[in-house]
Amino acid sequence: MAAPVSELAQQQTAKLVLLGEMGSGKSSLVLRYVKGQFFDYQASTVGAAFLTKTLPDLNVKFEIWDTAGQERYHSLAPMYYRGAAAAIIVYDITSPDSFTRAKSWVRELQRQGNPAMIMALAGNKADLESQRAVSVEEAQAYAAENGLYYLETSAKTAANVNELFEEIARKLPKPEAAPRQVQGGGIVLENQQAQDRRKGACC
Ligand SMILES: Nc1nc2c(ncn2[C@@H]2O[C@H](COP(=O)(O)OP(=O)(O)OP(=O)(O)O)[C@@H](O)[C@H]2O)c(=O)[nH]1
Ligand SMILES: [Mg+2]
């Protein structure tokens, strides 16, 4: 019996960038998601860190750029968000300044990012409810106005971390499948990236 189309689908590679104020928890979210780890002391990122994660069920491989929040690295950011299929903008629910900074990242991406980019807003450190300084209602309203997918997360407890990345993977536009005739009369489906690779296309 022929394999279902879903089994023939090519793996999709998607560039994903994390942006947000220093200390909001970008690296912690990525480490929790990719390695299942959390550190109470997490060194501040220098430049950016690169990690990958494959989601076999969704046929997606994320190439993740975890950027540095320190202002002095701001000028490097376009290098990481350009060409990204998705961005996670992180703020810390105990820090109103980090929410303001998140909004300025959203504005920058709206002006200079890929117009088709999927943008997610993550209110991190949700485990610190007693120190909350940004309400769910305010963040939700802002996200709705700006077409952002919004979740509160905790890298510490792992709450909503898998959900955040998986929902982004589900929202990625599917690569167009073009039928290709093969010997024996069968048809295989391959995506545009695979076709480009065969043609030797680059970058
Ligand atoms: N309680 C709590 N602490 C967290 C959480 N996420 C991160 N932290 C802590 O917050 C601090 C900063 O986390 P990082 O992941 O380094 O933050 P970052 O956004 O990568 O910071 P930069 O690399 O400097 O931009 C660390 O001490 C983490 O342990 C969380 O969900 N809950
Ligand atoms: Mg970091």
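Residues numbered from 1 in each chain as written. Chains lettered and ligands numbered in written order. Predicted model: local features only at pLDDT ≥ 70, side-chain atom pairs only at ≥ 80, totals over all residues.

Peer 1: How should the site of ligand 1 be read in this particular structure?
Peer 2: In the vicinity of ligand 1 there are 24 residues, among which G25, S27, S28, T45 and G69 approach most closely. A per-element tally of the shell around ligand 1 places helix 2 (residues 26-35) first, with three residues. Here the residues of the shell around ligand 1 are counted per class, giving six nonpolar, 13 polar and five charged. (Near = placed C-beta within 6 Å. Helix = DSSP H or I, 4+ residues; strand = E, 2+ residues; numbered from the N terminus. Nonpolar A, V, L, I, M, F, W, Y, C, P; charged D, E, K, R; others polar.)

Peer 1: Would you take a moment to explain the sheet that holds strand 1 (residues 12-20) for this structure?
Peer 2: Where strands meet in a sheet, backbone hydrogen bonds hold them as pairs that are either parallel or antiparallel. Strand order in the open sheet formed by six strands is 2-3-1-4-5-6, with mixed pairing between adjacent strands. Across the chains shown, the open sheet's two edge strands, defined by having one partner strand only, are strand 2 (48-55) and strand 6 (149-152). Sheet twist, expressed as the average angle between the axes of neighbouring strands with direction ignored, equals 20°. Relative to strand 3 (residues 60-67), strand 1 runs parallel, the two sharing seven bridges. Looking at the pairing, L18 lines up with D66 of strand 3. In the packing of helix 5 (residues 136-146) onto the sheet, the strands contacted are strand 5 (118-124) and strand 6, and the crossing angle to strand 6 comes to about 160°. Contacting strand 1, strand 2, strand 3, strand 4 (86-92), strand 5 and strand 6, helix 6 (residues 161-171) crosses the sheet at an angle of about 170° to strand 5. (Pairing = 2+ DSSP bridges. Axes fitted to C-alpha atoms, helices over the stretch in contact; angles between N-to-C directions. Contact = placed C-beta atoms within 7 Å.)

Peer 1: Hey, could you run me through the pairing of strand 2 in this one?
Peer 2: When a strand is regular, its side chains alternate between the sheet's two faces. One ladder, built from eight bridges, connects strand 2 with strand 3; its direction is antiparallel. Bridge pairing in strand 3 places A49 opposite D66. Between strand 2 and the antiparallel strand that follows it, strand 3, lie four residues; N59 among them carries a positive phi value of about 60°.

Peer 1: I would appreciate a short explanation of helix 4 (residues 96-112) in the present structure.
Peer 2: With 17 residues, helix 4 should reach 24 Å at 1.5 Å per residue; the first-to-last C-alpha distance of 24 Å fits that figure. Along helix 4, the residues classified as buried are S98, F99, R101, A102, W105, V106 and L109. What you see down the axis of helix 4 is that its buried residues fit within an arc of 160°, all on one side. Along helix 4, the residues that are exposed and aim more than 90 degrees away from the buried face are T100, S104, R107, R111 and Q112. Residues of helix 4 that are buried make contact with strand 1, helix 3 (77-81), strand 4, strand 5 and helix 5. (Expected span 1.5 Å × (residues − 1). Buried ≥ 20, exposed ≤ 12 C-beta atoms within 10 Å, placed from the backbone. Arc of directions from axis to C-beta.)

Peer 1: Would you explain the pairing of strand 5 in this entry?
Peer 2: Counting buried residues along strand 5, seven of its seven residues qualify, which places the element largely inside the surrounding structure. Note that strand 4 and strand 5 share seven bridges and pair parallel. Across the sheet, I88 pairs through a bridge with A120, a residue of strand 5. Pairing analysis gives four bridges linking strand 5 to strand 6, with the strands arranged parallel. Each residue of the ladder has a partner; that of A120, found in strand 6, is Y149.

Peer 1: For this particular structure, what's the right way to read the nonpolar core?
Peer 2: Within the largest apolar cluster, 45 residues are counted, with the highest numbers of intra-cluster contacts made by L16, V17, A87, I88, I89 and A120. Mapped onto this core, the elements with two or more residues apiece are strand 1, helix 2, strand 3, helix 3, strand 4, helix 4, strand 5 and helix 6. A total of six residues in this core trace back to one element, the largest contributor, which is strand 4. Non-local contacts of A87, meaning those with residues more than four positions away in its chain, are made with V17, L19, Y81, L109, G113, M117 and M119. (Core = buried A, V, L, I, M, F, W, Y, C linked by C-beta atoms within 7 Å.)

Read these as spatial facts, not as claims about activity.
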